[in-house]
Amino acid sequence: MTNKLVLANLKHRPVRTLLSLLAIGVEVCMMLTLVGLSEGMLEDAARRATGVGADILIRAPGTSLISMSSASLSEKYLSFFLDQPHVRIAVGTVEQPTGGVSTVTGLDLAEFTAMSGGFKFIDGRPFRNPRDVIVDEYYARQNNLTVGSTLKLLNQDWNVCGIVEPGKLARVVVSRQVLQDLTGATGKLSRIFLEPAAPENTAAVIAALKEKLPDFPIYSMAELTSLYSVSNVPGLSAFIGVIIALGIIVGFLVVFLSMYTAVLERTREVGILKALGASPFYILNIIFRETAVLAVAGSALGIILTYGSRWAVMTFAPAALTQKIVPDWWPIAGGIAIAGAVIGAFYPAWKAAGQDAIEALSYE
């Protein structure tokens, strides 16, 4: 009987109920989308780095793994690394930010092909001219590019000569030497990838290099994958925490306003229930059950909405953003939403339970 009364109360004001569900759903969707974007973009960066085919990554001293710093590593290190025991191939790249989280990468296509097998072209061809640029399928789709299109980068016009499958190194690739000269980084590199003669030599090569170059960040690809995480990006965990806190506040205010309005609208109904012998606990039970139904249904709606946000991201901004569905965060986001909703309903429930039956019956 109580459950029927709860559902009847929710159906009686469908617009208010739907708005409350939507607000809680947006709160949950906001949390899950933010976490999904953070993890998705980091995993995509790790996947593209490991797609090079190398076993070892080397950066210049003082640089961060999750950074878009300009080239600061001397190109002379390529010959140094090639002279080391068990090293078969060394590939140097240059990274230059182009705005936001986007970068353009310069590489020697012959070196890259020898290490990774090269790009898989969907359309077009490799570099032939200094202003040729290769883009991946996501970047081409986001920017409506085809082979032969003109792309504006670094205040220069580039000719799109090829469109490749995503997942290898970068979304936008140009000639290394051209990018070095254009950015004033002649003879400089951002990263160097090494491939040992045999995978079992990786640990020995890393140990020898760390002894000779103690200040250089040197990673195996297994280490690289583990380092691309939210906890290793400065400030990202704090940012997610702030967004979650804002989501809790929004959820609290929405449920508080919804339940407070519901209590005011049903003052006479509460009076009738009390006149019929309903205890304060029974009134509290009804309101908290309504809140729980709203919170659980809103959380489910929020989870469904994340699939919509992921579709929007992958349709309209696949090159700039990558969103991952994060099922392990579903109970966390749902728990936060439910807790905020229950807290928001506490005062309206307490107010309803404490109403005097005679005053409630005389309320207009």
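So, the environment of H86
Structurally, the position occupied by H86 is in the loop between α3 (77-82) and β3 (87-99). Along the primary structure H86 and A198 are separated by 112 residues, whereas in three dimensions their C-alpha atoms are 7.5 Å apart.

Details of helix α7 (residues 202-212)
The set of residues buried in α7 consists of T202, V205, I206 and L209. Here the buried residues of α7 occupy an arc of 95° about the axis, which is enough to place them on one side. Of the exposed residues in α7, the ones pointing more than 90 degrees away from its buried face are A203 and E211. In this structure, the buried side of α7 is in contact with β1 (56-59), α3, β3, β11 (191-196) and β12 (218-220).

Some thoughts on the pattern of salt bridges
The full count for this structure, using the stated rule, is twelve salt bridges. A salt bridge links E95 to R191; the nearest nitrogen and oxygen atoms lie 2.5 Å apart. Linking E95 in strand β3 with R191 in strand β11, this pair joins segments that are 96 residues apart in sequence. On the basis of relative accessibility, which here comes to 7%, the residue E95 falls in the buried class. With a shortest N-O distance of 3.6 Å, D157 and K152 are connected by a salt bridge. Salt bridges sharing partners connect three or more residues here, namely D44, R47, R48, D136 and R171.

Scoring rules and cut-offs
Residues numbered from 1 in each chain as written. Predicted model: local features only at pLDDT ≥ 70, side-chain atom pairs only at ≥ 80, totals over all residues. Heavy atoms only, no water. Helix = DSSP H or I, 4+ residues; strand = E, 2+ residues; numbered from the N terminus. Buried < 20%, exposed > 50% of the residue type's maximum accessible area, 1.4 Å probe, protein only. Arc of directions from axis to C-beta. Contact = heavy atoms within 4.5 Å. Salt bridge = Lys/Arg side-chain N within 4 Å of Asp/Glu carboxyl O.

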